[in-house]
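Residues per chain, in single letters:
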Amino acid sequence: MILAHKIALDPNNVQATYFARAAGTARFAYNWALAEWKRQYEAHKADANLPKPSQAALRRQLNALKREQFPWMLEVTKNAPQMAIIQLGQAFQNFFAGRAKYPQFRKKGVHDRFTLTNDQFSIDGCRIRIPNLGWVRMREPLRFAGKILSATLSRVADRWFVSIAVDTQDDSHLPKAENQGAVGVDLGVSALATLSTGETIDGPKPHKALLSRLKRLSRSLSRKQKGSANRRKAKAKLSRLHARIANSRNDALHKLTSDLTRRFHTIGIEDLNVRGMVKNRYLARSIADMGFFEFRRQVEYKAAMRGGVVVVADRFFPSSKTCSSPGCKYTLDDLALSVRQWTCPECGTVHDRDVNAAINLKNLAVSSIASACGEAGSGSGRKTGVKPASTKQEVSFVPV
């Protein structure tokens, strides 16, 4: 299993300047290669005798002319431009496979980064050696043991991080789930998650909590003259606040998903249409503030590492409108979003909307696993190495 450990760096001014120059070199090489790719592809369409563009050919072309046309590229590691072109080739592979949109030019100050191959750096405890620079302090040592594959240095606000990819040579570095049965998780806006056990987890809502400060700093930035030192300072303040909001959201999601995958072997969740949900102008900000897609991504790869199973309900599964009482499967024709409780006209049970949905998701997860492996139970005595249900389960084995 390939795992990535993202570690904060503690560079001095010289080292931070080198990182910025290397990231700029990688960005220039990526944009140059993208422009050349477009030009060569149009030329191939006009004349079939000309070769199609490829990342390998573009790398050779850049190496042939950078000493004369771009000598400043030699001041940073050679991996910065070369890996950027390789990443462009991967982007085109994803585009042709239908997994991504057409590659776009990179912008300065937006996801600044560069990548090193495993033969261009070394790690010794809490420091990493960078080509043409030397040792740089890391805030913590590498957690995973195995073959180091690559390292990507990136900037978030005014801080630098290194993400080290490691092949751990095994399926999991975490203990198996405690297997407290199955659980259904209903995501919401008022509460981040409601479990079928009745537990409610409130989200931090960091964007809403810091919205007034975000508006003030945005107005302050818009008043500054472009190119001035004051504008750079205001932009740095705004970037730090955005990073703080993202960190608060990710912290809450990691704690929730780690707790769920540690406790439960089988987890039932919904296939939410987040892109469609954020089109609601009244709820878009609150929905985006919760991070529903990130929750699903984390719970899937963490459950896979612990040997658990994630069952994803169909997008049109009526989890909120179906009565969860045993023996009663009455389904309402319509249930407004403002209705938080409803009474089943068939059996008379009073349901909390979110808890009822979570229980139905749990029941669906149990029935899906039972039908897939031919077993009836979902308790601690059930086997953990079952074959997943092919129609409902989506598990990712490579966390990002």
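Position labels on residues start from 1 in each chain and follow its written sequence. Given that the model is predicted, a residue must reach a pLDDT of at least 70 before its local features are reported, and side-chain atom pairs must reach 80 or more before they are shown or counted; all residues, however, enter totals for whole chains, interfaces and linings. Computation of side-chain values: all heavy atoms of the structure, hydrogens and water removed.

Kindly report on the overall build of the chain, identifying the contributing residues and their values.
When helices and strands are tallied, the chain shows 10 helices and 14 strands. Overall, the C-alpha framework of the chain stretches about 80 × 55 × 50 Å when taken along its three principal axes. Each of the 400 residues in the chain was classed as buried or not, and the buried ones make up 42%. The contact definition used throughout considers only heavy atoms, calling two residues in contact when any of these lie within 4.5 Å. The long-range fraction of contacts in the chain, counting pairs at least 24 apart against all pairs at least 6 apart in sequence, stands at 66%. Note on areas: Shrake-Rupley, 1.4 Å probe, and residue coverage restricted to the protein chains presented here. Only carbon and sulfur atoms are counted for the fraction: they give 50% of the accessible area of the chain, which is about 22,000 Å². Here a strand is any run of E in DSSP of at least two residues, a helix any run of H or I of at least four, and the numbering for each starts at the N terminus. Burial classes follow relative accessibility: with a 1.4 Å probe on protein chains only, a residue under 20% of its type's maximum area counts as buried, one over 50% as exposed, and anything between as partly exposed.

Which residues make up the packing of aromatic side chains, and what values go with them?
Two aromatic rings, drawn from Phe, Tyr or Trp (for Trp, its six-membered ring), form a pair once their centres lie within 6.5 Å of each other, and the interplanar angle then sorts them: stacked below 30 degrees, edge-to-face above 60, tilted otherwise. Per the counting criterion, the structure on display carries 11 aromatic pairs. With a centroid separation of 6.2 Å and 40° between ring planes, the pair formed by Phe 19 and Phe 114 is classed as tilted. With Phe 19 in helix α1 (residues 13-46) and Phe 114 in strand β2 (residues 113-117), this pair connects stretches of sequence that are 95 residues apart. Judged on exposure class, the residue Phe 19 and its partner Phe 114 are both buried. Taken together, Trp 37, Phe 92, Phe 95, Phe 96 and Tyr 102 form an aromatic cluster joined through their ring pairs. Working rule: Lys NZ or Arg CZ, within 6 Å of ring centre, within 35 degrees of ring normal, means a charge sits over the ring. Its guanidinium or amino end placed over the ring of Phe 161, Lys 6 lies 5.1 Å from that ring's centre, counting from NZ or CZ. When the ring centre of Tyr 30 is taken as reference, the NZ or CZ atom of Arg 106 above it lies at 4.1 Å.

I'd like to hear about the sheet that holds strand β11 (residues 266-270), residue by residue, with values.
The strand order across the open sheet built from five strands is β10-β9-β8-β11-β12, with neighbouring strands paired in mixed fashion. Each end of this open sheet is capped by a strand with a single partner; those strands are β10 (200-201) and β12 (309-313). In this description, strands pair whenever DSSP reports at least two bridges between them. Summarising the sheet, strand β8 (residues 182-187) and β11 pair through three bridges and their orientation is parallel. When the bridges of β11 are listed, Val 183 appears paired with Ile 267.

With reference to specific residues and values, describe helix α6 (residues 229-263).
The periodicity of an α-helix, 3.6 residues per turn, causes residues three or four places apart in sequence to face the same way. Helices are assigned an expected span. That span is 1.5 Å times one less than the residue count. Taking 1.5 Å per residue, 35 residues should reach 51 Å; α6 reaches 51 Å between its end C-alpha atoms and fits that length. Those residues of α6 that fall on the buried side of the exposure criterion are Ala 234, Leu 238, Leu 241, Ala 243, Ile 245, Arg 249, Leu 253, Leu 256, Thr 257, Leu 260, Thr 261 and Arg 263.

Help me get a handle on unusual backbone geometry, residues and values and all.
Its identity as a non-glycine residue notwithstanding, His 111 has a phi of 55°, on the positive side. One can find His 111 in the loop between α3 (79-96) and β2. The residue Lys 205 is not glycine, and still its phi comes out positive at about 50°. Structurally, Lys 205 can be placed in the loop between β10 and α4 (206-209). Exposure remark for Lys 205: the relative accessible area of 25% places this residue in the partly exposed category.

Give me the lowdown on the nonpolar core, citing residues and values where you can.
The nonpolar core is taken to be a set of buried Ala, Val, Leu, Ile, Met, Phe, Trp, Tyr and Cys residues, with the residues joined through side-chain atoms within 4.5 Å. Membership of the largest hydrophobic core comes to 42 residues, with the highest contact counts inside it found for Leu 9, Phe 19, Phe 114, Ile 128, Ile 130, Leu 153 and Val 162. The element that contributes the greatest number of residues to this core is α1, accounting for 11 residues. Core analysis: the second largest hydrophobic core is formed by 20 residues, Val 185, Phe 264, Phe 292 and Val 310 among them.

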